[in-house]
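Spelled out from the first residue to the last, the chains are:
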Amino acid sequence: MGIVYKKYLHGEKILGCNACKTHFATHDHIISRQFHGQFGRAYLFSNVINVYTGEAEDRNMRTGLHTVQDIHCAECATVVGWKYLVAYEQTEQYKEGRFILERTLLHYVSGA
């Protein structure tokens, strides 16, 4: 696979991988805290770093059918959430291109 170069965020509220503490996003990137994932509470983000995506698949979720990709931590490969590719309901299309991170899989990392 080659060398993985991680990016690091600066600030006080940095959310990272619970397993390896790799940085994903700042608290400011949270769009909404009103989501639920497989393990409970989840956050919708505008952007995340240090992740890679899996295969696209259609999933029936609480809000209808969506095409999504699981997102994995680039360091330890833990599945930490998913990325919305397509929302088939017009009222859900604001999610397209956005990311869900599961709260239980996140850790607040000390900022640099």
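Residues numbered from 1 in each chain as written. Predicted model: local features only at pLDDT ≥ 70, side-chain atom pairs only at ≥ 80, totals over all residues. Heavy atoms only, no water.

S.K.: Could you clarify how one ought to interpret the overall build of the protein in this entry?
M.R.: A count of helices and strands for the protein gives zero helices and nine strands. In sequence order, the secondary structure elements of the protein are arranged as β-β-β-β-β-β-β-β-β. For a compact globule of 112 residues, the expected C-alpha radius of gyration is about 13 Å, and the protein comes in at 14 Å, within 12% of that figure. Taken along its principal axes, the extent of the C-alpha atoms in the protein is 40 × 30 × 20 Å. Taking all 112 residues of the protein together, 40% fall into the buried category. The contacts in the protein between residues at least 6 apart in sequence include a share of 44% that link residues at least 24 apart. Looking at the protein as shown, the accessible area adds up to about 6,600 Å², and 47% of this sits on carbon and sulfur atoms. For the protein, the distance from the average position of its 12 positive side-chain charges to the average position of its 11 negative side-chain charges is 8 Å. (Helix = DSSP H or I, 4+ residues; strand = E, 2+ residues; numbered from the N terminus. Rg over C-alpha atoms; globule rule 2.2 N^0.38 Å. Buried < 20%, exposed > 50% of the residue type's maximum accessible area, 1.4 Å probe, protein only. Contact = heavy atoms within 4.5 Å. Areas by Shrake-Rupley, 256 points an atom, 1.4 Å probe, with all protein chains shown as cover. Lys, Arg positive; Asp, Glu negative; His and termini not counted. Charge placed at Lys NZ, Arg CZ, Asp CG, Glu CD.)

S.K.: How should the pattern of salt bridges be read in this particular structure?
M.R.: Pairing is possible between side chains that carry opposite charge, provided their charged atoms lie close to one another. Across all of its chains, the model carries four salt bridges by this definition. Glu92 is the partner of Lys95 in a salt bridge, and the nearest nitrogen-oxygen pair spans 2.6 Å. Classification of Glu92 by relative accessible area gives buried; the value is 12%. (Salt bridge = Lys/Arg side-chain N within 4 Å of Asp/Glu carboxyl O.)

S.K.: Before we go on, may I ask you to explain the state of the cysteines in this structure?
M.R.: Two cysteines form a disulfide when their sulfur atoms are joined by a covalent bond. Tallied over the full model, the rule gives zero disulfides. No disulfide involves Cys17; its sulfur sits 3.6 Å from that of Cys76, the nearest cysteine. No disulfide involves Cys73; its nearest neighbouring cysteine sulfur is the one of Cys20, lying 3.5 Å away. (Disulfide = S-S within 2.5 Å.)

S.K.: Even after reading the chapter, I still don't get the sheet that holds strand S5 (residues 51-61), so can you show me in this structure?
M.R.: Note on sheets: strands pair through backbone hydrogen bonds, and any given pair is parallel or antiparallel. An order of S3-S4-S8-S7-S6-S5 is seen for the six strands of this open sheet, with the pairing classed as antiparallel. Edge strands, defined here as strands with exactly one partner in the open sheet, are strand S3 (30-37) and S5. Averaged over all adjacent pairs, the angle separating strand axes in this sheet is 30°, with direction ignored. By the bridge criterion, three bridges tie strand S7 (residues 79-87) to strand S8 (residues 99-102) in an arrangement that is antiparallel. Bridge pairing in S8 places Lys83 opposite Phe99. (Pairing = 2+ DSSP bridges. Axes fitted to C-alpha atoms, helices over the stretch in contact; angles between N-to-C directions.)

S.K.: Help me understand the UniProt feature "domain: Yippee" (unreviewed entry) in the protein in this model?
M.R.: Mapped onto this numbering, the UniProt entry gives "domain: Yippee" (unreviewed entry) at residues 13-110. Counted over residues 13-110, helix gives 0% and strand 61%. Its end C-alpha atoms are 7 Å apart. (UniProt positions renumbered as here; feature names shortened; annotations may be inferred.)

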